[in-house]
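# Summary of the model geometry
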2 protein chains.
Amino acid sequence: MWFMRQAGRSLPEYRAVRADRGMLECCFDTETIVELTLQPVRRHHVDAAILFSDIVVPLRAAGVGLEIVAGTGPVIASPVRTRDDVHDLPALDRASVGAIEAAVTELARELSDTDVALIGFAGAPFTLASYLIEGGPSRTYQRTKALMREDPSTWNDLMGRLTNITVEFLRVQLDAGVDAVQLFDSWAGALSDAEYRTYVLPHSARVFAEVADYGAPRIHFGVGTGELLTAMADAGPEVLGVDWRVPLATAVSRVNRPVALQGNLDPTVLFAGETVVDREVARVIDDADAAIAAGAVGHIFNLGHGVLPDTDPGVLTHVVELVHSM
Amino acid sequence: MWFMRQAGRSLPEYRAVRADRGMLECCFDTETIVELTLQPVRRHHVDAAILFSDIVVPLRAAGVGLEIVAGTGPVIASPVRTRDDVHDLPALDRASVGAIEAAVTELARELSDTDVALIGFAGAPFTLASYLIEGGPSRTYQRTKALMREDPSTWNDLMGRLTNITVEFLRVQLDAGVDAVQLFDSWAGALSDAEYRTYVLPHSARVFAEVADYGAPRIHFGVGTGELLTAMADAGPEVLGVDWRVPLATAVSRVNRPVALQGNLDPTVLFAGETVVDREVARVIDDADAAIAAGAVGHIFNLGHGVLPDTDPGVLTHVVELVHSM
């Protein structure tokens, strides 16, 4: 078990490190990455560390002008909207993520004599494309979807380049010693199954295929993706992340390949007091048992989305103890 | 066919009326309601007018201190978070929505010798509760869900009072002559099916039951509600709105009652040029035919969510002509 966004604002020790330092500055500083990655392991005794990073880190490393603005999210200096913009998109040079490579190497060494797994991650091509095209976070993805539908050739060129960046970023992490990787397609849930299959699945499937030779478990996650679970499993991961809207036993009925499931406690449950927390944790475990009985390969306990910043870290520690006791 | 949020910022004539006037001011002015409701009928020749209003109008009419802040949405002066706050929530007095009643009366008269239907609307209790508890729009609904799970008694008291307000607001509209009503549960998609059934469905079902005697078609809609379609149909509407994530033919397989379907063109399709628009409109119509063949009672062409403000109104008019020609 682990928590998405466990290395984050719910921890006072995280807020202390980040007090006077920007997100991207921290994401490119080896010592900070190591410290922030290990904080939730020390405090909560989760079974896995997730590399402290951000979805846009490989874009910035490749040379895309962007900032992460507090309260807003990534802001792209020159949004990518034309064929020429796409042609100008740089590739990712390994040397530009040397600080991250060094952090993974250090983390793998520190965790080598423990049972704690180290999980690497990257944003999926669709989610990266949405930031580049919209210029930042969006509620509608209207420009992204317009480009995708109107000019599939330019779209596929962009997605191909982003797939290359994602693959290279994951390979750096795998070469340096992560035990598993998670591909976050945070915003894929904005698409219908038919459009996901046409415009996104071939690229995400290539990401998984091109890191398959490492033999490390590959996790695929998005939020609001109930309608896409079949397709997201078809992309080839060993583990499929599920948000809280879809019971795990329902999720397993939607996949046509043997996968383990990850999830899916609603992160807002952690605000509702111990009685509710205990009941809902038990419900997820029961649901996971039902999913395994129905054919799921296994279950990784997690939230259905990231830890919310206001979460009491004591509640997170309690959930870890509870799950480990069950 | 009609478009959710057809009376809105996509129309230059709407922006002209709203240029120097706040949303709530317009929502309580009879002449403005009539004008804004009719604008899209005149321009697009849609088959239905949807009453120009806002989900929070009956709350404001009942005396809840709130504003609609441009770029943010509703902001509640004193969020409702305790048992005492709930006890203080006022009921809706018909006299306080007299301006809206007068607008519906006038609209019904103006449309009486046309084939254009007049649709009334109200926000569903869960969506109203989320605004009251969070104090405004939310991405997580963490306080709403915490109250719901931690204190079901206070929650049900709040939802009962909101149900009364919603029922009264819909009755005012039905008494004044609307031909149909739509209950918008905009944010219900944040819930799992199990929680929706426990905490929300009984209240929304009561809304539908208490306006059943008018014999007017009742439409139920939320966004991101693929997992909730069975339960939302169980609430009792004649028509179930579906967003673009769920094909209409899939939606009909999820309902256990005979319902017509409404939807479900992705509103972002309207940004992608005429070839894509025409193809996607045809796809929705084909999908609706398949849904009807599979048991849907009928189909109302609409978007899968509201018209986006940047939409070219010429494209909306084109879609109306196209659907009417098919």
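Conventions and cut-offs
- Counting starts from 1 at the beginning of each chain's written sequence and moves along it residue by residue.
- The order in which chains are written sets their letters, starting at A; the order in which ligands are written sets their numbers, starting at 1.
- With pLDDT at 70 or above as the cut-off, local features in this predicted model cover only qualifying residues; side-chain atom pairs require 80 or more to be listed or tallied, and sums for whole chains, interfaces and linings still use all residues.
- Only heavy atoms go into the side-chain values, all of them from the structure, while hydrogens and water stay out.
- Strands qualify as paired when DSSP identifies two bridges or more between them.
- Secondary structure is summarised from DSSP: a helix means a run of H or I of at least four residues, a strand means a run of E of at least two, and numbering begins at the N terminus for each.
- Orient the strands so they point away from the viewer; a crossover is then right-handed if the path from the first strand over the helix to the second runs clockwise.
- UniProt positions are given in the numbering used here, feature names are shortened, and annotations may be inferred rather than shown by experiment.
- Burial classes: relative accessible area under 20% of the type maximum marks a residue as buried, over 50% as exposed, and values in between as partly exposed (1.4 Å probe, protein chains only).
- Any N or O atom pair separated by 3.5 Å or less is treated as a polar contact, with the protein-specific requirement of one donor-capable and one acceptor-capable atom, and with residues adjacent in sequence counted only for side-chain atom pairs.
- We call two residues in contact whenever any of their non-hydrogen atoms come within 4.5 Å of each other.
- Working definition: a ring pair exists when centres of Phe, Tyr or Trp rings (six-membered ring for Trp) sit within 6.5 Å. Plane angles under 30 degrees give stacked, over 60 give edge-to-face, the rest tilted.

## Concerning the pairing of strand β9 (residues 299-303) of chain B
Residues and elements named next belong to chain B. When strand β8 (residues 260-265) meets β9, the two strands line up parallel, connected through five bridges. Within the sheet, the bridge partner assigned to Leu265 lies in β9 and is Leu303. With helix α13 (residues 274-293) bridging β8 and its parallel neighbour β9, the resulting β-α-β unit is right-handed.

## Quick notes on the UniProt feature "domain: Uroporphyrinogen decarboxylase (URO-D)" (unreviewed entry) in chain A
The positions UniProt marks with the feature "domain: Uroporphyrinogen decarboxylase (URO-D)" (unreviewed entry) are residues 119-135 of chain A. End C-alpha atoms of residues 119-135 of chain A are separated by 28 Å, and the span's content is 59% helix alongside 29% strand.

## A look at the side chain of Ser192 of chain A
Structurally, Ser192 of chain A is set in the loop between β5 (180-184) and α10 (193-199). Given the relative accessible area of 12%, Ser192 of chain A is considered buried. At a separation of 3.2 Å, a polar atom in the side chain of Ser192 of chain A contacts the main-chain amide nitrogen of Glu195 of chain A. In this view, Ser192 of chain A contacts Leu228 of chain A together with Trp244 and Arg245 of chain B; residues no more than four positions away in its chain are not counted.

## A closer look at the packing of aromatic side chains
On inspection of all chains with the given rule, the structure shows 10 aromatic pairs over all chains. For the pair Tyr14 of chain B and Phe52 of chain B, a centre-to-centre distance of 5.9 Å together with 65° between the ring planes defines the contact as edge-to-face. In this pair, Tyr14 of chain B is assigned in helix α1 (residues 12-18) and Phe52 of chain B in the loop between β1 (48-50) and α4 (57-62), connecting sequence segments 38 residues apart. The same class applies to Tyr14 of chain B as to Phe52 of chain B, namely buried. Through pairs of rings, three or more aromatic residues link up here, namely Phe121, Phe184 and Phe221 of chain A.

## Things to note about the UniProt feature "site: Transition state stabilizer" (unreviewed entry) in chain A
Residues and elements named next belong to chain A. In the UniProt entry, the feature "site: Transition state stabilizer" (unreviewed entry) is given for Asp54. By secondary structure assignment, the location of Asp54 is in the loop between β1 (48-50) and α4 (57-62). The contact partners of Asp54, leaving out residues within four places of it in the chain, are Met23, Cys27, Ile68 and Phe121. Among the polar contacts made by the side chain of Asp54, one reaches the main-chain amide nitrogen of Val56 at a distance of 3.0 Å.

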